[in-house]
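Residue-level structure breakdown
Chain by chain, the residues run as shown.
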Amino acid sequence: MTRDTQFGNRKYVIGGAAIAIIIVYLIRLFSLQVMSDDYKKNADSNAFLKKIQYPSRGLIMDRKGKLLVYNEPAYNIMVIMNEQQGIDTLDFCRSMGITREFYIKRMAEIKDRKKNPGYSRYTPQLFLGQIPAEEFSVFREKLFRFKGFSVENRSIRHYAYGVGAHVLGDVGEVSPNDLENDEDDFYNSGDDIGKLGIERSYEKQLRGEKGMQILLRDVHGRIQGRYQDGAYDQAPVPGRNLTLGIDIDLQALAERMLEGKRGAIVAIEPGTGEILCMASSPTYDPRSMVGRERGKSHKRLTNEAGKPLLNRAIMGQYPPGSTFKPTQALLGLQEGIITPAVMFPCYHGFSYKGLHVGCHGHSTPIALVPALATSCNSYFCWNLYRMFSNRTKYTSVQEAMTRWKDYLVSMGYGYRLGIDLPGERRGMIPNADYYDKAYNKRWNGLTVISISIGQGEVTATPLQIANLAATIANRGYYYIPHVVREVQGAQIDTTYRRRHYTMVSPSNYNYVVAGMRQAVLNGTCRGANLPDIEVCGKTGTAENRGHDHSAFMGFAPMDHPRIAVAVYVEEGGFGAEFGVPLGALIIEQYLHGKLSPASEEKATKFQTRHIRYERES
Amino acid sequence: MNANLDPRKRSSFATVDWLTIMLYLLLITCGWFSVCGASYDMEHPDILSWDSRTGKQLAWMGCSVTLGFVLLMLEDKVYDTLAYFVYLVMLVVLALTPFLATDIKGSYSWIRLGSISLQPAEFAKCATALALAKTMNQYGFTLQNWKDFARAGIIIILPMTLIILQRETGSALVFLAFFLVLYREGMPGCFLFSGIAAVIYFVIGVRFSIETLPGTLTPIGEFSVLLLIFIFTLGMLHTYVPKFRALWKWLISGFVLIMAALAFSTYLIPFDIAWVTLGICIVLASYLAYRSLRERSIKYLYVALFSVGSLSLFYSSDYVLNNVLKPHQQTRIRVLLGMEEDITGAGYNVNQSKIAIGSGGLEGKGFLNGTQTKLKYVPEQDTDFIFCTVGEEEGFLGSAVVLGLFLGLILRLIHLAERQTTTFGRVYGYSVLSIFLFHVFINIGMVLGLTPVIGIPLPFFSYGGSSLWGFTLLLFIFLRIDAGNKRTTN
């Protein structure tokens with residue numbers, strides 16, 4: 001026996017081949033396991049089913065803690081297109097209470113990537129959202145028959161009162177646009193998002209944080225349990241509750257009295273800037289904007305006369321009329337154009353160089369306080385004219401105009417106040433440029449005289465008018481009006497906790513307060529004279545092509561004021577006709593917590609007094 | 001005289017190679033843990049129950065270890081004596097198997113004996129190895145002799161054919177491993193090289209059969225294969241006919257011609273330059289045949305035959321792929337070559353196994369923490385795809401250790417085989433290590449997506465009694481032969 005030496009070297013070839021194979025496999029393993037992350041991700045999407053746990057949306061309460069908006073269980077019907085095949089469509093439609101056409105249409109919509117950008121055949125897609133519990137029970141029993149359909153437990157918003165729709169707003173399914181602008185990557189298609197009102201502006205606080213349950217899914221899609229017994233699960237964080245400045249009883253009264261009219265009532269607590277009530281008419285029942293009905297209701301309201309979806313309190317831009325006069329008095333005093341003692345003549349109006357602005361009968365000449373009380377047009381025309389033609393103080397009319405505008409801006413006019421509601425409009429305070437363009441620079445105080453009495457180019461939102469009342473009540477400063485008083489576990493934005501001082505010193509406010517008090521005692525606002533409350537007020541009758549708007553602005557009590565209010569009724573005639581009594585009732589309700597029987601009767605009278613509108617506003 | 005000093009009376013346990021036994025025990029232990037991970041059922045987590053696959057595997061491991069020690073206690077001459085007998089019995093059993101077996105996934109290779117099933121093919125490797133060793137051990141046997149070579153070949157091909165008849169192609173292919181043994185024993189290297197070259201032609205030819213070489217009408221695959229044939233032919237000339245002087249002239253003029261054709265096609269008229277390359281190959285083959293006749297040298301003819309054979313193989317491979325292979329086999333090949341992305345069909349297993357392994361990362365997810373395997377994403381994860389569990393739960397480090405253990409075993413077996421004093425021992429040893437190498441190469445390569453999906457188990461890891469016993473038998477017979485061998489030489 002001899003060792004084979006002839007081919008002995010071939011053991012190296014064989015050994016070398018074995019080593020080479022192992023090395024190649026090691027390299028391959030290294031590249032699969034260590035170099036690349038793709039397989040890990042792939043494995044996770046294979047095995048982990050990340051089930052979103054929806055947080056409950058924050059509750060909304062009024063200033064007295066009454067629950068306004070809360071959640072009730074509802075159900076989303078989801079469908080996985082890939083698995084949904086061969087179901088009994090007829091049976092399905094019958095159990096769901098939908099038509100076959102709707103079913104086909106809905107399925108087509110789901111597959112349409114334009115309408116549904118997050119579409120995937122393998123993940124659950126929203127088929128029908130927010131089905132209330134009672135409607136769902138029929139479907140639940142049959143669910144096992146409909147392969148590919150599943151149910152997600154969600155909640156639906158419920159409104160305890162049928163009022164405050166404009167303020168409270170509503171929630172609805174996220175739109176493709178919302179999804180595109182979703183910076184935090186929070187929403188999935190089919191989720192809810194605040195659409196209007198504070199539901200929209202406080203969306204981030206209300207929505208809470210989604211939780212995540214990690215489930216293990218086997219190759220057949222069956223759930224095999226929780227990953228690591230839920231060690232990596234995240235519990236959802238419920239949304240924060242909101243407490244509003246709104247007094248729901250006051251809100252209900254305001255809406256009641258505006259029935260059959262177009263207009264708005266805004267009340268502010270001067271000491272804090274909290275909105276006490278904000279009514280806009282025509283309005284709608286927030287309960288109609290919930291769940292599956294939302295789309296239909298929204299469409300109906302969009303087309304309805306009077307545009308109920310418009311929140312006139314912050315979106316309506318009206319000539320402020322005589323409610324604007326206190327601003328003129330304030331800036332005149334501050335600029336030294338007038339003193340409380342200065343009197344101007346009024347012979348049924350302002351007549352100068354052929355221009356005439358009418359006024360009603362009262363004694364002449366007239367000083368500031370009675371001028372405010374009687375709402376004398378002439379006085380404020382003179383005031384403006386003297387300011388705009390004062391060439392010792394201002395080098396040009398433009399400079400005077402700019403000064404004038406600055407005062408009004410400091411009082412909250414001409415720009416958005418910045419209320420915590422979406423869609424606020426800014427109103428209009430013209431500036432020198434505006435008239436330079438309009439009159440080719442050839443204009444003077446007389447050309448623009450109507451702005452002194454809140455007419456002409458000047459417009460304001462009811463909110464701005466109410467804010468003026470609050471500023472006067474505070475003798476010279478205001479807080480930016482805001483609806484939300486308290487966010488659970490957090491402070492409200494600092495912008496709502498900062499005083500904004502006007503350019504007028506507090507002492508000058510006293511004369512205006514006196515004028516407004518006189519207006520109530522023996523001027524245009526006598527209808528607001530409540531027996532036990534010192535109300536200050538100012539009427540407004542804004543000219544509007546034959547159908548004057550009726551306005552009122554006031555606050556009470558005179559010292560230590562607790563409420564400032566603005567009422568604006570479109571085509572309501574004289575300020576005293578609707579504005580003053582409605583404002584008085586609001587003040588009484590808020591300060592007494594209830595209406596006296598006589599006032600109650602009065603409120604009902606106004607509730608039933610409807611105005612016929614011919615034009616679309 | 002002290003009994004211990006008499007080498008004839010020393011127990012084989014004293015001379016057996018304990019290092020190999022250690023490697024064996026380590027591998028089956030790792031294997032058992034992998035089966036635990038792979039067959040872990042979230043609803044029935046009791047891994048030691050007899051009903052569970054882990055419990056059964058543990059029992060089979062116990063039997064295997066016992067079997068190993070019984071084998072060590074037998075007289076070493078037994079294997080030599082019984083080799084042909086065992087081989088013949090095995091052939092009969094293999095021939096009968098299709099008639100006794102039940103259909104398991106289209107293959108008729110399992111025989112039920114009471115409550116357990118056995119796969120004779122697993123034991124046929126051992127019988128074949130013994131018979132081959134005995135044949136080659138005969139006095140005067142040499143592979144240079146055509147008759148002897150044919151005898152060895154028939155011993156390998158017979159069981160292979162019978163196993164193919166059982167529709168167990170994977171197990172049959174394992175017998176190709178014996179050609180590695182023949183190579184070690186003197187089979188001309190060109191045989192092995194030709195085999196490997198055939199695989200290369202096929203892979204390159206099919207994989208790149210669609211894209212064309214820029215500027216020409218020639219598929220990249222065809223062009224590359226023809227170029228390879230040209231180079232391989234010249235390489236063989238260099239090895240087997242060292243006196244052939246014109247080698248460099250041929251090489252250079254061939255390249256110049258091809259470049260010229262490429263330039264002509266790119267800048268003048270695009271045409272299929274494969275004709276030029278093919279022409280060069282044919283001219284070369286013809287010239288070699290002419291030299292062979294003129295100089296009466298058979299070596300030229302062999303090289304010419306290699307060249308012509310390569311060409312015909314390449315041009316027929318396309319035909320074979322499209323007309324001979326069944327559609328599912330065609331798909332498998334295309335998927336393997338990366339020509340088709342088919343992660344739900346034929347590529348599903350491999351894709352899932354890559355995901356499972358890839359998700360393991362450097363350190364793995366930990367014992368019984370693999371999600372992919374536990375949730376049954378990988379099919380046949382405790383048998384053919386068992387390595388996924390290692391990859392996922394033990395990560396790169398664990399996989400490397402396992403690969404290292406296999407390499408250690410194979411290298412150790414080479415060492416043991418080389419130290420045998422008899423051809424019988426050496427051939428048997430090489431048979432054992434070649435079979436292990438083939439299994440490891442194909443099985444792990446398949447799991448890693450590098451080799452075709454051929455359903456053969458990973459030695460000592462895959463769940464199942466037959467394969468574990470088969471591998472134990474193979475290994476321990478060799479250890480016994482080695483122990484006896486060592487005793488006589490000491």
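How each quantity is defined
Residues numbered from 1 in each chain as written. Chains lettered and ligands numbered in written order. Predicted model: local features only at pLDDT ≥ 70, side-chain atom pairs only at ≥ 80, totals over all residues. Heavy atoms only, no water. Helix = DSSP H or I, 4+ residues; strand = E, 2+ residues; numbered from the N terminus. Buried < 20%, exposed > 50% of the residue type's maximum accessible area, 1.4 Å probe, protein only. Contact = heavy atoms within 4.5 Å. Areas by Shrake-Rupley, 256 points an atom, 1.4 Å probe, with all protein chains shown as cover. Phe/Tyr/Trp six-rings, centres within 6.5 Å; stacked < 30°, edge-to-face > 60°. Lys NZ or Arg CZ within 6 Å of the ring centre and 35° of its normal. Patch = residues over 30% accessible without salt bridge, like charges linked within 9 Å, V, L, I, M, F, W, Y side chains within 5 Å. Salt bridge = Lys/Arg side-chain N within 4 Å of Asp/Glu carboxyl O. Pairing = 2+ DSSP bridges. Buried area = accessible area lost by both parts, 1.4 Å probe. Polar contact = N/O pair within 3.5 Å; in protein donor to acceptor, adjacent residues only side chain to side chain. Nonpolar A, V, L, I, M, F, W, Y, C, P; charged D, E, K, R; others polar. Axes fitted to C-alpha atoms, helices over the stretch in contact; angles between N-to-C directions. Core = buried A, V, L, I, M, F, W, Y, C linked by side-chain atoms within 4.5 Å. pLDDT = per-residue confidence, 0-100. Parallel < 35°, antiparallel > 145°, perpendicular 65-115°, else oblique. Left-handed = near helix turned anticlockwise from the far one by under 90°.

A few words now on the overall build of chain B. Looking only at helices and strands, chain B has 19 helices and 3 strands in total. A total of 490 residues make up chain B; the buried ones form 52% of that total. Sequence separation of 24 or more characterises 71% of the internal contacts of chain B that already satisfy a separation of 6 or more. For chain B, the accessible area works out to roughly 21,600 Å², and carbon and sulfur atoms hold 68% of it.

A few words now on the overall build of chain A. Assigned secondary structure in chain A consists of 21 helices and 20 strands. Burial statistics for chain A: of 617 residues in total, 54% are counted as buried. Pairs at least 24 residues apart make up 71% of the contacts formed inside chain A by residues separated by at least 6 positions. Here chain A has roughly 27,400 Å² of accessible surface; of this, 50% comes from carbon and sulfur atoms.

This part covers the side chain of S434(B). All names here are of chain B. Mapped onto the elements, S434 comes out in helix α18 (residues 423-447). Take S434: its relative accessible area is 1%, and that puts it in the buried class. Excluding residues within four positions of it along the chain, S434 makes contact with A177, L180 and V181.

Quick look at the packing of aromatic side chains now. Residue and element names in this part refer to chain A. For the structure shown, the criterion picks out 47 aromatic pairs over all chains. One aromatic cluster is present, formed by F344, F350, Y352, Y379, F380, W382 and Y385 through successive ring pairs. Over the face of the ring belonging to F186 we find R207, whose NZ or CZ atom lies 4.0 Å from the ring centre. In this structure, K605 is placed above the aromatic ring of F606, and the distance from its NZ or CZ to the ring centre is 5.2 Å.

Before going further, it helps to examine a nonpolar patch on the surface. Residue and element names in this part refer to chain B. A cluster of nonpolar residues, W146, F191, I298, L301, Y302 and L305, forms a patch on the protein surface that exposes about 640 Å² of accessible area. Sort the elements by how many residues they give to the nonpolar patch and helix α13 (residues 298-324) lands first, with 4 residues. Structurally, the position occupied by W146 is in helix α6 (residues 146-165). A residue is classified by how much of its surface remains accessible, and W146, at 59% relative accessible area, is exposed.

Residue and element names in this part refer to chain A. Summed over all chains, the structure comprises 31 salt bridges over all chains. Of the charged contacts, one joins D249 and K66 as a salt bridge, the two residues approaching to 2.9 Å between their closest N and O atoms. Taken as a pair, D249 in helix α10 (residues 248-257) and K66 in the loop between β2 (60-61) and β3 (67-79) lie far apart in primary sequence, 183 residues in all. Given a relative accessible area of 29%, K66 falls into the partly exposed group.

Residues and elements named next belong to chain A. For strand β8 (residues 211-217), the buried fraction is high: 5 of the 7 residues fall into the buried class. Note: strand β1 (residues 48-53) against β8, 6 bridges, orientation antiparallel. Across the sheet, Q53 pairs through a bridge with G211, a residue of β8.

Another aspect to go through is the interface of chain A and chain B. Counting from both sides, the interface comprises 38 residues of chain A and, opposite them, 55 residues of chain B. In total, about 4,000 Å² of surface goes out of reach between chain A and chain B, with carbon and sulfur atoms giving 68% of it. When the area that chain A buries against chain B is broken down by residue, the three leading residues are I14(A), Y25(A) and Q33(A), summing to 18%. Here chain A and chain B share 0 salt bridges between them. In this assembly, chain A and chain B are joined by 9 residue pairs in polar contact (both at pLDDT 80 or more). With 18 residues, the single largest contributor to the side of chain A that touches chain B is helix α1 (residues 10-35) of chain A. Classifying every residue of the side of chain A that touches chain B by side-chain character gives 22 nonpolar, 8 polar and 8 charged.

Attention now moves to the environment of G361(A). Relative to the assigned elements, G361(A) resides in the loop between β14 (355-358) and α14 (368-374). For the pair G361(A) and T374(A), spaced 13 residues apart in the sequence, the C-alpha separation amounts to 9.2 Å.

Our focus in this paragraph is the sheet that holds strand β1 (residues 102-104) of chain B. Residue and element names in this part refer to chain B. The antiparallel open sheet is built from 3 strands, whose spatial order is β1-β2-β3. Lying at the two open borders of the sheet, with one neighbouring strand each, are β1 and β3 (116-118). Pairwise comparison of adjacent strand axes, ignoring direction, gives a mean angle of 50° for this sheet. Pairing of strand β2 (residues 107-113) with β3, which is carried by 3 bridges, proceeds in the antiparallel orientation. Of the residues in β3, the one forming a bridge with I111 is L118. Against the sheet, helix α4 (residues 77-100) makes contact with β1 and β2, and its axis sits at roughly 90° relative to β2, the strand it touches most.

L132(B), F387(B), Y428(B) and F460(B) are the most contacted members of the largest nonpolar core, which has 116 residues in total. Once residues lying within four places of it in the same chain are set aside, the contact partners of F387(B) are L29(A), I357(B), S399(B), V402(B), L403(B), I444(B), V447(B) and L458(B).

Further remarks concern the confidence of the model for chain B. On average, residues of chain B carry a pLDDT of 84, and 91% of them reach 70 or more. Scoring of the predicted complex yields 0.64 for pTM and 0.87 for ipTM.

Residues and elements named next belong to chain A. Here we have 5 strands laid out as an open sheet, ordered β12-β11-β20-β19-β18, and antiparallel in their pairing. Because the sheet does not close on itself, it has two edges, and the strands there are β12 (274-281) and β18 (536-542). Each strand of the sheet is rotated relative to its neighbour by a mean of 5°, with strand direction disregarded. Each of β11 (263-269), β12, β19 (549-556) and β20 (563-569) touches helix α18 (residues 462-473); the most contacted strand, β20, lies at about 150° to it.

Residues and elements named next belong to chain A. A cis geometry characterises the amide bond from S281 onward to P282, with omega recorded as 0°. Relative to the assigned elements, P282 resides in the loop between β12 and α11 (294-303). Cis geometry marks the peptide bond from T364 to P365; its omega dihedral reads -10°. Assignment of secondary structure puts P365 in the loop between β14 and α14. The phi torsion at K353 lies on the positive side, around 50°, for a residue other than glycine. Its location among the elements puts K353 in the loop between β13 (349-352) and β14. Relative accessible area serves as the criterion here: at 64%, K353 is assigned to the exposed category. Phi angles above zero are rare outside glycine, and N440 is one such case at about 55°.

All names here are of chain A. Relative to the assigned elements, T323 resides in the loop between α12 (312-315) and α13 (325-335). Here the alpha-carbon distance between T323 and G454, two residues 131 residues apart in the chain, equals 7.2 Å. If we skip the residues at most four places from it in the chain, T323 touches I465, L468, K538, T539, G540, A551, F552 and M553. A distance of 2.6 Å separates the side chain of T323 from the backbone oxygen of P320, its partner in a polar contact.

Residue and element names in this part refer to chain B. At a minimum axis separation of 9 Å, helix α10 (residues 220-240) and helix α12 (residues 274-295) run at an interaxial angle of 20°. Taken together, the axes of α10 and α12 are roughly parallel relative to one another. In this structure, α10 crosses over α12, and the sense of that crossing is left-handed. Side by side, α10 and α12 meet where E222, F223, L226, L227, I229, F230, T233, L234 and L237 of the first sit next to A274, T277, L278, I280, C281, L284 and L288 of the second.

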